[in-house]
Amino acid sequence: MKKLSKVQQKQQALVLSVADALEEQARAEIPGMVQCWFDVEYHLFPGSLLLCFQFENQSALDAATPNLLKWQKRLSAAMLKKGVILKDMRKHLTFTLEGPEG
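Residues numbered from 1 in each chain as written. Predicted model: local features only at pLDDT ≥ 70, side-chain atom pairs only at ≥ 80, totals over all residues. Heavy atoms only, no water.

Where an unreviewed UniProt entry is consulted, the protein appears under the name Orphan protein, with the organism given as Pseudoalteromonas viridis.

Printed below as a string of structure tokens:
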């Protein structure tokens, strides 16, 4: 993997802090939420950012799905507080059963 530039390191730290905060909230509020992980291509940041909330099973995922928009709004608001505007918040957070390696 290519070494990240100073700017990309700052972007990574920003994304990690937002992801950690949202993960903590989600674990407290959403039953069956396992972890939050993200994928991003820093040279296309913030457009390439994708946060994923991983669930332990389909029923937990189904139960949480009606709240997806609320969490997308929370991500957008958290990124805005850090000075990053997400043009289409719906593209940047999803609920899944897959882990980061899958």
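Caption draft 1: Focus on the packing of helix H1 (residues 6-29) against helix H3 (residues 68-81). Packing of H1 against H3 brings their axes to within 10 Å, and their N-to-C directions diverge by 145°. Relative to H3, H1 is oriented so that their crossing is right-handed. In this structure, H1 uses Leu-14, Val-15, Val-18, Leu-22, Gln-25, Ala-26 and Glu-29 to contact H3, whose residues at the interface are Lys-70, Trp-71, Arg-74, Leu-75, Ala-78 and Met-79. (Axes fitted to C-alpha atoms, helices over the stretch in contact; angles between N-to-C directions. Helix = DSSP H or I, 4+ residues; strand = E, 2+ residues; numbered from the N terminus. Left-handed = near helix turned anticlockwise from the far one by under 90°. Contact = heavy atoms within 4.5 Å.)

Caption draft 2: Highlighting unusual backbone geometry. Going from Phe-45 to Pro-46, the amide bond is cis rather than trans, its omega being 5°. Mapped onto the elements, Pro-46 comes out in the loop between strand S1 (33-39) and strand S2 (50-55).

Caption draft 3: Just the sheet that holds S1, in detail. Judged by pairing direction, the sheet is mixed, and its three strands sit side by side in the order S1-S2-S3 without closing on themselves. Two strands bound the open sheet, and with one partner strand each, they are S1 and strand S3 (93-96). Each strand of the sheet is rotated relative to its neighbour by a mean of 20°, with strand direction disregarded. Across six bridges, the pairing between S1 and S2 is antiparallel. In the sheet register, Gln-35 faces S2, and the bridge partner there is Gln-54. The strands touched by H1 within the sheet are S1 and S2, with S1 carrying the most contacts at an inclination of about 160°. Against the sheet, H3 contacts S2 and S3, and its axis sits at roughly 140° relative to S3. (Pairing = 2+ DSSP bridges.)

Caption draft 4: Just H1, in detail. Taking 1.5 Å of rise per residue, 24 residues should cover 34 Å, and H1 covers 35 Å from first to last C-alpha, within 8% of that figure. Gln-8, Gln-11, Leu-14, Val-15, Val-18, Ala-19, Leu-22, Glu-23 and Ala-26 are the residues of H1 that are buried. (Expected span 1.5 Å × (residues − 1). Buried < 20%, exposed > 50% of the residue type's maximum accessible area, 1.4 Å probe, protein only.)

Caption draft 5: Main features of the packing of aromatic side chains. As enumerated under the stated definition, the model contains three aromatic pairs in all. Measuring from centroid to centroid gives 5.6 Å for Phe-53 and Phe-95, while their planes differ by 15°, and the two rings are stacked. Of the two residues, Phe-53 sits in strand S2 while Phe-95 sits in strand S3, which places them 42 residues apart along the sequence. A residue is classified by how much of its surface remains accessible, and Phe-53, at 0% relative accessible area, is buried. The exposure class assigned to Phe-95 is buried, which follows from its relative accessible area of 10%. Here the aromatic residues Phe-53, Phe-55, Trp-71 and Phe-95 are joined through ring pairs into a cluster of three or more. One Lys or Arg, Arg-74, reaches over the ring of Trp-71 and ends 4.3 Å from the middle of that ring. (Phe/Tyr/Trp six-rings, centres within 6.5 Å; stacked < 30°, edge-to-face > 60°. Lys NZ or Arg CZ within 6 Å of the ring centre and 35° of its normal.)

Caption draft 6: Geometry of the pattern of salt bridges. Tallied over the full model, the rule gives three salt bridges. Between Lys-70 and Glu-29 there is a salt bridge; the shortest N-O distance is 3.8 Å. One end of the pair, Lys-70, is in helix H3; the other, Glu-29, is in helix H1, with 41 residues separating them in the sequence. Using a relative accessible area of 37% as the deciding quantity, one classes Lys-70 as partly exposed. According to the relative accessible area criterion, Glu-29 is partly exposed, its value standing at 40%. In the salt-bridge network here, residues are joined through shared partners; they are Glu-29, Lys-70 and Arg-74. (Salt bridge = Lys/Arg side-chain N within 4 Å of Asp/Glu carboxyl O.)

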